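Breakdown of the fold
Each chain, letter by letter, is given below.
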Amino acid sequence: MSATTRRLTTAQALVRFLSAQYTERDGVRRRLIAGTWGIFGHGNVAGVGQALLEAGEDVMPFHQGRNEQSMVHAAVGYARQLNRLSAQAVTTSIGPGATNLVTGAALATINRLPVLLLPGDYFATHSADPLLQQLEHPVEADVSVNDTLRPVSRYFDRITRPEALIPSALQAMRVLADPAETGAVTLALPQDVQAEAYDWPEEFFAQRVWYVRRPAPDPVELTAAVEAIRAAERPLIVAGGGVHHSQAEAALKAFVDATGIPVASTQAGKGALRYDHPADLGGIGHTGTAVSDDLARTADLVIGVGTRYTDFTTASGTLFRNPGVRFLNLNITGFDAHKLAARTLVCDARAGLELLREALAGHRVEASYEAEYRAGKARWDEVVEAAYRADDESAVPTQTQVLGALDAAVGDEDVVINAAGSLPGDLHKLWRSRSPRQYHLEYGYSCMGYEIPAGIGVQQAAPGTPVWALVGDGTYLMMPTEIVTAVQEGLPVNIVLLQNHGYASIGGLSEETGGERFGTAYRFRAADGTFTGAPLPVDLAANAASLGMDVLRAKTVRELREALVTARASDRPTCVYVETDPAPTAPPAEAWWDVPVAETASREAAVEARERYDRQVAGRRRHL
């Protein structure tokens, strides 16, 4: 080896390279790739596995996972907690290990969160062909199962020669660190190339700092935005996840304090303002609050800050009903800024809000408008109190009473994680967010099984932070295996496990759309062949205990309150198990969501559901 090169395998070189990558924003520097999750098979054990062993924990910390998808979820939870400024890598074998990454990659990319995926691949030399788990395509010999990761990755490359790693690794870091580009990044690593040696230039291993930009808005766009806000009589801010990623919460508060413009939040944006701020109206859209949705229907200017405007936010295009409504979107990506034919401010959320506030000095909405939305907020607070209240402490708790008990147990620093089922709707309407990162809902992909591994990622990112993964029985059965990882690593993640014997959320949706709850209950088959018999004798609490958790069973509201306090004080992974009263206690949806209903049907439930659907869909609007 000469003085200017270092002879390493491709896998060894990649690990060394990753250990020297950093991000920096606002003068704070972090490792870009802070650790690597892995499950080893023949596709990576002698390549990346050997490289991680040789490098050691000081160079690249290693985390052992139980499921490839859940490893990605853990990495995503980690990156979100750290505002996308630090990420983790995930290495897998070829075959099912690699394809198990696809769901996690889709979740990361849809939510604009960085994760580096390193799946093994077939031999680049084709010397062993076909090898174990290789997909053979009769026409395209260069296709592998890893190509399923292309559409869900923001950057993809297959490293077929050692030297090809150099430009590809640099591009991968660029994408991961760019707030306008980030998502899942995949470097597929053929098994033979992983183990092949090469003389690498020393410069490849030099420390690199990727500066995370805060681009300012274009002056022309800023002037137009200021004019639009000054002209608006009923402006409304829709705060999305970009507020958090930019750490723009203080800038948003200063802007709102100065102008009096109220804020409604998406699932990703909830907590952008503290719940008790006079201008915080809570969630918006299908799972939003009454006050948010009422104002959205009459708003003449909707100011989107860091939001993607999903169908839940816009009530499938039926929410913003003012004939003269216009949109002003502040977003770091032009793709999102231009949605709904909006005026655009393509910039960092914090930088844009600060310049808007300065340019709007002295401007404030009418006092009557402030009084209107504050009164609506006060009315909704009463709705929350009623949903949380349990008059009989000896009764079985409802789902909203579980949230009320948790609300009483947590501190401002706690993080509450959820992703799927009926809980996201209840949380979006009812949860009182007390700090920017307390409310952690993955609702871009709404992926069952996300919560437990994400809790591990959050705990890694913020040691000492009380973390609560809220899961129903359906979600728990999807992916409980990372409980073993939490136990192994001594991470005191708390799981609140709600047993309601089925897919409760989809059961309700099925009933609303004429599906009569078909296939949504966890029950034995009845004589007619349907799943309407007795509940299944499944003991999920015993399962969690068998995986190493401490388990607290709560049968009443009083026992639940006591169990939550005990779990929060524990230094071990703890599960609070509660069988809930299925009686609906959450406030109903305040806006529509488009789930198409059968246009022709013989069953009365579906016919009636279609009539309701036709009435709702007539209110859809294209904002042009």
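One structure accompanies this document, and this report is about it. (Residues numbered from 1 in each chain as written. Predicted model: local features only at pLDDT ≥ 70, side-chain atom pairs only at ≥ 80, totals over all residues. Heavy atoms only, no water.)

1. So, a nonpolar patch on the surface
On the surface, a cluster of nonpolar side chains totalling about 270 Å² of accessible area is made up of Met478, Tyr503 and Ile506. Locating Ile506 in the fold gives a position in helix α21 (residues 504-512). For Ile506, a relative accessible area of 46% puts it in the partly exposed group. (Patch = residues over 30% accessible without salt bridge, like charges linked within 9 Å, V, L, I, M, F, W, Y side chains within 5 Å. Areas by Shrake-Rupley, 256 points an atom, 1.4 Å probe, with all protein chains shown as cover. Salt bridge = Lys/Arg side-chain N within 4 Å of Asp/Glu carboxyl O. Helix = DSSP H or I, 4+ residues; strand = E, 2+ residues; numbered from the N terminus. Buried < 20%, exposed > 50% of the residue type's maximum accessible area, 1.4 Å probe, protein only.)

2. What to know about the pairing of strand β7 (residues 115-121)
Within β7, seven of the seven residues are buried, leaving the element largely enclosed by the surrounding structure. By the alternation rule, side chains of β7 split into Val115, Leu117, Pro119 and Asp121 and Leu116, Leu118 and Gly120, which are all buried. Pairing of strand β6 (residues 87-92) with β7 involves four bridges; the strand directions are parallel. Looking across to β7, one finds that Val90 is bridged to Leu117. (Pairing = 2+ DSSP bridges.)

3. Remarks on unusual backbone geometry
With an omega of 0°, the peptide bond between Asp129 and Pro130 qualifies as cis. In this structure, Asn83 is a non-glycine residue whose phi angle is positive, near 55°. Structurally, Asn83 can be placed in the loop between α3 (68-81) and β6. With relative accessibility at 12%, the residue Asn83 sits in the buried group. Notably, Glu516 is not glycine yet its phi reads approximately 55°, a positive angle. Residue placement: Glu516 occurs in the loop between α21 and α22 (540-546).

4. Describing the layout of surface pockets
Roughly 750 Å³ of internal volume is contained in the second largest pocket. Tallied by class, residues from the lining of the second largest pocket come to 16 nonpolar, 20 polar and 10 charged. (1 Å grid on protein atoms, 1.4 Å probe; cavity = no way out; pocket = protein on both sides within 12 Å on 5 of 7 lines; lining within 4 Å. Points joined across faces, edges and corners; volume = space filled by probe spheres on them. Nonpolar A, V, L, I, M, F, W, Y, C, P; charged D, E, K, R; others polar.)

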